[in-house]
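What follows is the residue order along each chain.
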Amino acid sequence: MINSIKQRAKKILLRLKTEYPGSKCSLIYQNPHQLLIATILSAQCTDKQVNKTTIQLFAKYRSVNDFANADIEELKQIIKSTGFYNNKAKSIISSMKNISENFSDKFPNNLKDLISLQGVGRKTANVVLGEIFNIPGIVVDTHVKRLSLRMGLVKNTDPGKIESDLMKIIPKENWIELGHLFIDHGRAICSARNPKCPNCFLADNCLKINIP
Ligand code: SF4
């Protein structure tokens, strides 16, 4: 059973790589703390809106210390358009304070340290580990969750379980790119509300779970 899922996953990945060459993270950042902040802001928000917001944000606050010492009300106003801005502002200031106090000589570069920061879960940590440090991890965002379930690669709906189930069927060297490829396909064809199955190049290898 697991071997047939592995075979399907392999074919799916190969095809996605052909269709989306150069697939990569669409968040705009210049350094690790900017990527961490952009990823916190991307919860329940599009990367496009985050990138619009961070132009002003990263111009006003440049260093980790600038964010750690930011006035929370001013910060909230700038990030308001990304939604859930009260919690996001708290997470940004708290995580940057923690980095400034405990990781001033070296940005946290492992899962344990990253998820110890307020507002940083496995998804955000894996984005930073993959993008900044090239450490393999599977980013389970809303697209990866939806596509993995629809394709019948996983059965669990909990993101942590999806991550570990995918790790069992996807070779480690593909973990980082899997997130980018699934996100591209989710945006282009397999959208949440209107998956275009009749036109999808993955149809032969997809179980189309819960697609009417
Ligand atoms: S066949 Fe349908 S459900 Fe499967 S990946 Fe394509 S669009 Fe998504």
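Residues numbered from 1 in each chain as written. Predicted model: local features only at pLDDT ≥ 70, side-chain atom pairs only at ≥ 80, totals over all residues. Heavy atoms only, no water.

Draft legend 1. Region of interest: the overall build of the protein chain. Along the backbone of the protein chain there are eleven helices and zero strands. Put simply, the protein chain runs from its N terminus to its C terminus through helices and strands in the order α-α-α-α-α-α-α-α-α-α-α. The C-alpha radius of gyration computed for the protein chain amounts to 18 Å, which stays within 12% of the reference 17 Å derived for 212 residues, consistent with globular compactness. For the protein chain, the residues scored as buried account for 48% of the 212 residues in total. Considering only residue pairs separated by 6 or more positions, the protein chain has 60% of its internal contacts joining residues 24 or more positions apart. Carbon and sulfur atoms provide 51% of the accessible area of the protein chain, an area that totals close to 11,200 Å². Taking the average location of the 31 positive side-chain charges in the protein chain and that of its 18 negative ones, the two points are 7 Å from each other. (Helix = DSSP H or I, 4+ residues; strand = E, 2+ residues; numbered from the N terminus. Rg over C-alpha atoms; globule rule 2.2 N^0.38 Å. Buried < 20%, exposed > 50% of the residue type's maximum accessible area, 1.4 Å probe, protein only. Contact = heavy atoms within 4.5 Å. Areas by Shrake-Rupley, 256 points an atom, 1.4 Å probe, with all protein chains shown as cover. Lys, Arg positive; Asp, Glu negative; His and termini not counted. Charge placed at Lys NZ, Arg CZ, Asp CG, Glu CD.)

Draft legend 2. Focus on the packing of aromatic side chains. Taken as a whole, this structure holds three aromatic pairs when the rule is applied. Note on F58 and F67: the rings are 6.3 Å apart at their centroids and 80° apart in plane angle, and the pair reads as edge-to-face. Each of the two residues, F58 as well as F67, counts as buried. Ring plane angle 40° and centroid distance 5.2 Å describe the contact between Y61 and F67, whose orientation is recorded as tilted. The exposure class assigned to F67 is buried, which follows from its relative accessible area of 0%. Clustering of aromatic rings is evident, with ring pairs tying together F58, Y61 and F67. (Phe/Tyr/Trp six-rings, centres within 6.5 Å; stacked < 30°, edge-to-face > 60°.)

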